[in-house]
Structures are given as structure tokens and as C-alpha cells.
Amino acid sequence: STSTSTSTSKNTTMPGINWKMILSPILVYAIETSHIDWTDPFNLNAARAAYAAVTLCIAILKLWLYRKINASYDERRVKMKPSKGVTGEEIPARELSVTDHDLEQLQASARTWLMATLISVGIHSWKGWYLPIIFQCFSQPLMAYDAPLFQIHVLGFSDSGDHNPLKRPWAASPKNAFEEVYRQANMMDPRNRQEAERRKEKKKAAKQLLARKR
């Protein structure tokens, strides 16, 4: 079919390096060592504007992906294993077309993204935490780029091959949006960082004391 030839037109596959494990600490370190006063109204409004622009771009990207996936029907079949839905309901094993599979994945990612966005805005408005929205100005585009749907339908990477990470079906859905955003916020909370530094200093002092006794 037309979509089959499009999705396999390139032999390039998604990079195998897993950068997700180090993304959060790198971004947190970069934000914290930037020496920018994020409490300054000008800087804070600039961060809000950047976050709004990134969020709008991600929304447009998801709408564009929806139209592109629907543009031509890919009748190849994808065998889905039993899984659990968002509310914990059991979903039996089934078989979907590639188009239906990709639309289902897009819907799930859009739901998670929207929930994370609403939570981030809510936390910023309620508690005044600004670092999560700054963090997501960088993390949202990176995560969008790394998504299989983007790799296949935008970059034209191959989706075939037994050892290809883009071969369907893909890995399980992302983490709970609230837990992820709250974790990011807590990582960047100055009080939590100070407490972590105090614990680190206590451990260091205990080791030095033990070394002297020996």
C-alpha cells in the first residue's frame, strides 16, 4: 500500500542510545546553573511564553500526525498482547491494522500529554513552581522527537525488521502524568536539594569519622 512504501522508504532506524535516563538530571543541572533569576517578572513571563509556544507546537504536531495517519490506510496487521487500560480494565489480545494501532497510540500519548500540561499549569498557578514549565520547554520537544510516531511518520524511519525498535507493537504507555510532573517539581525544589546535600554531607562526615577510628 502507499503508506507501507512511505513508512519503509528509508533504512534509517531510531538511535539505540537511551538518553532518557540522563535527561532529567542534565536539564535540572543546566537550569540550576544558568544563573538566571527566574523570580524576576521579565524572566518568568519569558518562561511562560516559551512554555506556551512549545505546548502550542506540540498540539499542532499531534493534530498534523492525526491527519497524516488518516490520510492513507495501512492494512498491515499488528498483533497486540493482553494489556491494561487507563482505568485498569483488562484489554484482551487483539489484532489491529497499522493505521488503527497508530491512531490508538496517538490518542494515548495525546491524553497523557494533555494531562501533564494541565497539571504543570495547575501546579505553577497554585504553588508558584516555575521550574517544571521551564523543564518541559526542553523535555517536550525531545520526547516528541523520540516518539515512534514522529520517527516513522515525520522522519520516515523504517518500521520493519525483527530488531528494529520501531517495529510495532511498541513498548507500554508512558508513566502516570501526575507522578512524572510532581517528580520533576520535587527534583528542582530548593528545599529538597538542600536536604539531599545535608544528607550527603552527613554521610561524608560519618565516613571520615570511621576512617579516623581505624
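See above for the structure.
None of the values given here were measured: they were computed from a predicted structure.

Draft legend 1. Layout of helix α3 (residues 41-71). The first and last C-alpha atoms of α3 sit 45 Å apart over 31 residues, in line with the 45 Å expected at 1.5 Å per residue. Listed as buried for α3 are Leu44, Ala47, Tyr51, Val54, Thr55, Ile58, Leu61, Lys62, Leu65 and Ile69. Where α3 is buried, its residues meet α4 (98-127), α5 (131-146) and α6 (148-153). The distance from a side-chain oxygen at the start of α3 to the backbone nitrogen of Phe42 is 3.0 Å, and the residue carrying that oxygen is Asp40.

Draft legend 2. Layout of the packing of aromatic side chains. Using the criterion set out here, one finds one aromatic pair in the structure. Here Tyr145 and Phe150 contribute two aromatic rings whose centre-to-centre distance is 5.8 Å and whose plane-to-plane angle is 55 degrees, an arrangement assigned as tilted. Among the residues examined, Phe150 registers a relative accessible area of 16% and is labelled buried. Between the NZ or CZ atom of Lys127 and the centre of the ring of Trp126, over which it lies, the distance is 5.1 Å.

Draft legend 3. The arrangement of the pairing of strand β1 (residues 77-80) in detail. What you see with β1 is a clean split: Val78 and Met80 sit on the buried side and Arg77 and Lys79 on the side with no burial. Pairing analysis gives four bridges linking β1 to strand β4 (residues 94-97), with the strands arranged antiparallel. The partner of Lys79 across the bridge, within β4, is Glu95.

Rules and cut-offs
- Residues numbered from 1 in each chain as written.
- Predicted model: local features only at pLDDT ≥ 70, side-chain atom pairs only at ≥ 80, totals over all residues.
- Heavy atoms only, no water.
- Helix = DSSP H or I, 4+ residues; strand = E, 2+ residues; numbered from the N terminus.
- Expected span 1.5 Å × (residues − 1).
- Buried < 20%, exposed > 50% of the residue type's maximum accessible area, 1.4 Å probe, protein only.
- Contact = heavy atoms within 4.5 Å.
- Polar contact = N/O pair within 3.5 Å; in protein donor to acceptor, adjacent residues only side chain to side chain.
- Phe/Tyr/Trp six-rings, centres within 6.5 Å; stacked < 30°, edge-to-face > 60°.
- Lys NZ or Arg CZ within 6 Å of the ring centre and 35° of its normal.
- Pairing = 2+ DSSP bridges.

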